[in-house]
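Coordinate analysis (summary)
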Amino acid sequence: MASRTSAVLFKLITVSFFCGILNHVIVNREFKKLQWPTEYHYKAERINLKTGMKEPFEVWYGGEQNRSRIDYYNGTVKRFYHFEPTEDTATVYQINPETTDQETNEIVCRKMEDEEIVKYLPQADELIYIGQRLYDGKTVQVWKYEENDELSYKTQRTVYAYANGDDSIPVRSEIVKYKSWNGGLDSHVITNFYFFEATVGSIELDAEHVEECTYLGKLGENFKVDVRFLHPSCPNDVNKAFHSYKRHYNKKHSKAEHEIRKDIFEKNWRRVIEHNKRNAGYKLEINKFADQSEEELSYLTATRPSGPEEKGTMDFPYTDEELKAIEDELPLNYDMRIDGVISHVKNQGACGSCWAFSSTAAVEGALARSNGGKVYDLSEQSLIDCAWESNNGCNGGDLAGTFKYIVNHGIPSEWAYGPYLEQDGFCHLENMTKINYVKGFARVPALSEVALKAALYKYGPVTVSIYATDNMKLYSSGVYYDLDCTENEANHGVTVVGYGQRDDVNYWIVKNSWGEDWGEDGYILMSSVNNNCNLMSDAYYPII
């Protein structure tokens, strides 16, 4: 796993710099600043050395025509900017393939409004000339910019360029970002140019399929549209997307914090795009967590594994032989949500109480199955306030200890106890007139897929501890399988409410406590292959 980012970050200027090699007569002379041609056309490839992702793209820019264009992956996605000085606005056209149930790879066009066209090459006046060096057998000028914050990052960006008359011809760029607190490498991005010409034709800048374009509004006003339309390689796009993101999620940042959050947002945006290109079986998205650092989000994962010695107050009722016989009786797909016995998805907020929510969800489901489908809304706050013998309130807890508490002391409804506070509070169970009890709880045999399925089908929801990776926090849809998560100790409590099969892959239906606006309406489908994320290592279910 990548090293955790600091909670305090400084503004990182993330601009893609481009380079090209021309068969031009190069004049090797020093000049005070870079000066790009007023029009240009180039091909380049952006390489993220941390992830190994390569992104080829092609750019056309016509300053006098007030138009620009960028193509990604040999024209798979094309974006055109047409600026009209008389209207003081730009029309942006994006053409890309789209596959639906009715059409496969249909070429669609969408258009939006923007304030200006994109030039794509970096702001030259920020770079300082530091000398010459040999690059690919030729002498190039080296320009550098460095930004350092002792509390966050040291950022170095370097541009290698030829001088061609009064213009500069970019050759290569690097952006390297180090963690200031330990000197560790955070990111390293290289952009290599393999073609550059200081001219562009009008035909290349004319948008295609304009007559078929669907108008989507103004960039920066609809986040779900903006994040599909914009791209993190362009600084203007990052600014627009982040402003749109803040408005969509009602984020309030101070002026200084705005830049810090934008840096985190941009990094996560790139991670989402790069992951989704891999077709890994599940998708990520920019969600409400995308502007928070990994350290800040640690409150989401505060469940400790109970340990193999914890067996529960009652034995698991089936032997291995009995499980083999039961296996054929179990349905291929089973979803307790369809039965109407699963309570609504809740949100633990800024409190490390996933252990309480996952345990409560299992008890709610078991009670609903036993009383004809009446769904209870039990109080997680009562567990946070009162179950301190084996837990630590908003600072975490373990599942077996929580179930022991519920067996001994019961759990009231939220209506009777009071609302969820996202804070440690005073225990006031003495005021409760009705407490819900369970007879006991049992541990599901570790690493047994059929045992977990049997427990779900026969008894109800099962609370499990898993290792929640950083990718999981940005999960959107699909069957989640992460090679990294099984090698780490569990840190998060969730509730399994069913199972199924998709494309010959078995999965668990998992209810989370991060709100309905996360994942698939608050749920995640987790692969059962190789005990993914240790889901089958520490599992318990209540017995009514």
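Described in the following lines is the structure provided in the data block. Numbering of residues begins from 1 in every chain and follows the order in which that chain's sequence is written. For a predicted model such as this one, the threshold for reporting local features is a pLDDT of at least 70, and the threshold for listing and counting side-chain atom pairs is 80 or more; totals across whole chains, interfaces and linings nevertheless cover every residue. In computing side-chain properties, one takes all heavy atoms of the structure into account and sets aside hydrogens as well as water.

**Some thoughts on the state of the cysteines**
Here, two cysteine sulfur atoms that lie within 2.5 Å of each other are counted as a disulfide. Evaluation of the coordinates by the stated rule reveals four disulfides. The residue that forms a disulfide with Cys-109 is Cys-213, at a sulfur-sulfur distance of 1.5 Å. Of this pair, Cys-109 sits in strand E6 (residues 106–114) while Cys-213 is found in the loop between helix H1 (202–205) and strand E12 (214–218), placing the two residues 104 residues apart along the sequence. Overall, Cys-109 belongs to the buried group, its relative accessible area being 4%. Note on exposure labels: buried denotes an accessible area under 20% of the residue type's maximum, exposed denotes more than 50%, and partly exposed covers the range between, all computed with a 1.4 Å probe on protein chains only. Under the relative-accessibility criterion, Cys-213 is labelled buried at 15%. Linked covalently through their sulfurs, Cys-351 and Cys-394 form a disulfide whose S-S length is 2.0 Å. Judged by the sign of its S-S torsion, about -100 degrees, the bond between Cys-351 and Cys-394 is left-handed. Helix and strand labels come from DSSP, where a helix needs a run of H or I of at least four residues and a strand needs a run of E of at least two; each type is numbered from the N terminus.

**Considerations on helix H8 (residues 399–409)**
Most of H8 sits inside the fold, with eight of its 11 residues counted as buried. Buried within H8 we find Leu-399, Ala-400, Gly-401, Thr-402, Phe-403, Tyr-405, Ile-406 and Val-407. Backbone geometry just after H8 places Gly-410 at a positive phi near 75 degrees.

**Things to note about unusual backbone geometry**
Its identity as a non-glycine residue notwithstanding, Tyr-73 has a phi of 55 degrees, on the positive side. Structurally, Tyr-73 is set in the loop between strand E3 (67–72) and strand E4 (77–84). When its relative accessible area of 30% is taken as the criterion, Tyr-73 is described as partly exposed.

**Quick look at the pattern of salt bridges**
Within this document, salt bridges are pairs made up of a side-chain nitrogen of Lys or Arg and a carboxyl oxygen of Asp or Glu, the two lying within 4 Å of each other. Scanning the entire structure with this criterion turns up 30 salt bridges. The closest approach of N and O atoms between Lys-78 and Glu-208, which form a salt bridge, is 3.2 Å. Of the two residues, Lys-78 sits in strand E4 while Glu-208 sits in the loop between H1 and E12, which places them 130 residues apart along the sequence. Residue classification places Glu-208 among the partly exposed positions, given a relative accessible area of 26%. Between Glu-259 and Lys-262 there is a salt bridge; the shortest N-O distance is 3.4 Å. Here the residue Glu-259 and the residue Lys-262 both occupy positions in helix H4 (residues 255–276), the gap between them amounting to three residues, near one helical turn. We classify Glu-259 as partly exposed; its relative accessible area is 22%. Lys-262 gets classed as buried once you look at its relative accessible area, which sits at 10%. Here the residues in one salt-bridge network are Lys-346, Glu-364, Asp-377 and Glu-380, joined through shared partners.

In short, the description is geometric, and any link to function would need to be established separately.
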